[in-house]
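Summary of the model geometry
Okay, here's what each chain looks like letter by letter:
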Amino acid sequence: MIDYIKGSVAELNPAFAVIDNQGIGYMVNISLSTYDALTRVGKQDVAMLYIYEAIREDAHLLYGFATKQEREAFLLLISVSGVGPNIARMVLSSMTVDEFSQAIADNNVAMFKTVKGVGGKTAQRIIVDLKDKIKPTGHTLLKETGHASGVVFDEALAALVMLGFSQQMSQKTLKSLFSSNPGLSVEDAIKQALKMM
């Protein structure tokens, strides 16, 4: 799994950036807040984006974030049933990570409904599913699985998807596993998930 990409910004628009890393151009889907951060990077400066890889049968997509907190919010959002990467990106383009955390802590359904593609039911589902994953003091984001930076969860998820299981079913199974045993290794998580699916 790619954790981050460092390089010069070869191309930039509000929907994606191309990061040139040693002659290879990585096309990375971004939010408006990450776009804003990248516009402040000079031509000679090195940009760094934290990456989420979406591996599907028909595509291998990269999503990039200016901060780990934004990637964490994205991962929490796509863990919600019915919220895919594009809706998650729209949410994070419509509000900052702090506003996102605050909206969940305050049960602010109206704020989520202002996001294109998010209706009332989806807004309520986001709040209900993520309410216990946000610390009330300062609204700091918690990792959904409780393990360091979600790397184990991400790698296990990518492996299950590559094995042909749907992303939604894989996420649900892994969330169940990690909620009862947050210290699982990637290998153990995959083995136990395969027994449950």
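Everything that follows concerns the structure shown earlier in this document.
Here is a short report on the structure shown in this document. Predicted model, so just to flag it, every value in this text is computed and none were measured.

A word on the sheet that holds strand β1 (residues 4-12)
One closed barrel accounts for five strands, arranged β1-β2-β3-β5-β4; its pairing is mixed. For this sheet, the mean angle separating the axes of adjacent strands, direction not counted, is 55°. Inspection of the sheet shows β1 paired to strand β4 (residues 47-55) by four bridges, in the antiparallel sense. Opposite Ile5, over in β4, you have Leu49 as the bridge partner.

Things to note about the pairing of β4
The side chains of a regular strand alternate between the sheet's two faces. For β4, the buried fraction is high: eight of the nine residues fall into the buried class. Here six bridges tie β4 to strand β5 (residues 60-65), and the two strands are oriented antiparallel to one another. The partner of Ile51 across the bridge, within β5, is Gly64. Taken together, β4 and the strand that follows it, β5, pair antiparallel across an intervening segment of four residues.

Things to note about the packing of aromatic side chains
A full pass over the atoms with the stated rule returns six aromatic pairs. Ring geometry for Tyr52 against Phe74: centres 5.4 Å apart, planes inclined by 55°, an arrangement best described as tilted. Pair noted here: Tyr52 is in strand β4 and Phe74 is in helix α2 (residues 68-78), with a separation of 22 residues, a long-range link. Overall, Tyr52 belongs to the buried group, its relative accessible area being 4%.

Some words on the environment of Met111
The residue Met111 is located in helix α5 (residues 109-113) in this model. Discounting chain neighbours no more than four positions away, the residues touching Met111 are Met95, Glu99 and Ala103.

A few points about the nonpolar core
Within the largest apolar cluster, 41 residues are counted, with the highest numbers of intra-cluster contacts made by Tyr52, Leu77, Phe100, Phe112 and Leu174. Look past the residues within four positions of Leu174 in its chain and what remains in contact with it is Phe153, Ala156, Leu157, Leu160, Ala189 and Ala193. In terms of nonpolar packing, the next biggest core, distinct from the first, is built from 11 residues, Ile5, Ile19, Ile51 and Leu62 among them.

Describing the pattern of salt bridges
One pass over the full model with this rule turns up three salt bridges. Across the salt bridge formed by Asp3 and Arg71, the nearest N and O atoms sit 3.0 Å from each other. Within this pair, whereas Asp3 is found in the segment before β1, its partner Arg71 is found in helix α2, the two being separated by 68 residues in sequence. Given the relative accessible area of 9%, Arg71 is considered buried.

Thoughts on the environment of Phe153
Relative to the helices and strands, Phe153 is located in helix α7 (residues 151-162). When the C-alpha atoms of Phe153 and Met197 are compared, they prove to be 16 Å apart, with 44 residues separating the residues in sequence.

About the cut-offs
- In every chain, residue numbers begin from 1 and rise along the written sequence.
- Selection of residues for local features in this predicted model requires a pLDDT of at least 70, selection of side-chain atom pairs for listing and counting requires 80 or more, and totals for whole chains, interfaces and linings are taken over all residues.
- Side-chain measures here rest on the full set of heavy atoms in the structure, leaving out hydrogens and waters.
- Strand pairing follows a simple DSSP-based rule, namely that at least 2 bridges must link the two strands.
- A run of H or I in DSSP counts as a helix once it spans at least four residues, and a run of E counts as a strand once it spans at least two, with each numbered from the N terminus.
- To get an axis, fit a line to the C-alpha atoms, keeping to the stretch in contact for a helix; angles then go from 0 to 180 degrees between the N-to-C directions.
- Accessible area is worked out with a 1.4 Å probe on protein chains only. A residue is then buried under 20% of its type maximum, exposed over 50%, and partly exposed in between.
- A pair of aromatic rings is counted whenever rings of Phe, Tyr or Trp (Trp by its six-membered ring) have centres within 6.5 Å, and the orientation is called stacked for planes under 30 degrees apart, edge-to-face for over 60 and tilted otherwise.
- Pairs of residues are marked as contacts when any of their non-hydrogen atoms sit within 4.5 Å.
- We call a set of buried residues a nonpolar core when its members are Ala, Val, Leu, Ile, Met, Phe, Trp, Tyr or Cys and they connect through side-chain atoms within 4.5 Å of each other.
- Criterion for a salt bridge: a side-chain nitrogen of Lys or Arg within 4 Å of a carboxyl oxygen of Asp or Glu.

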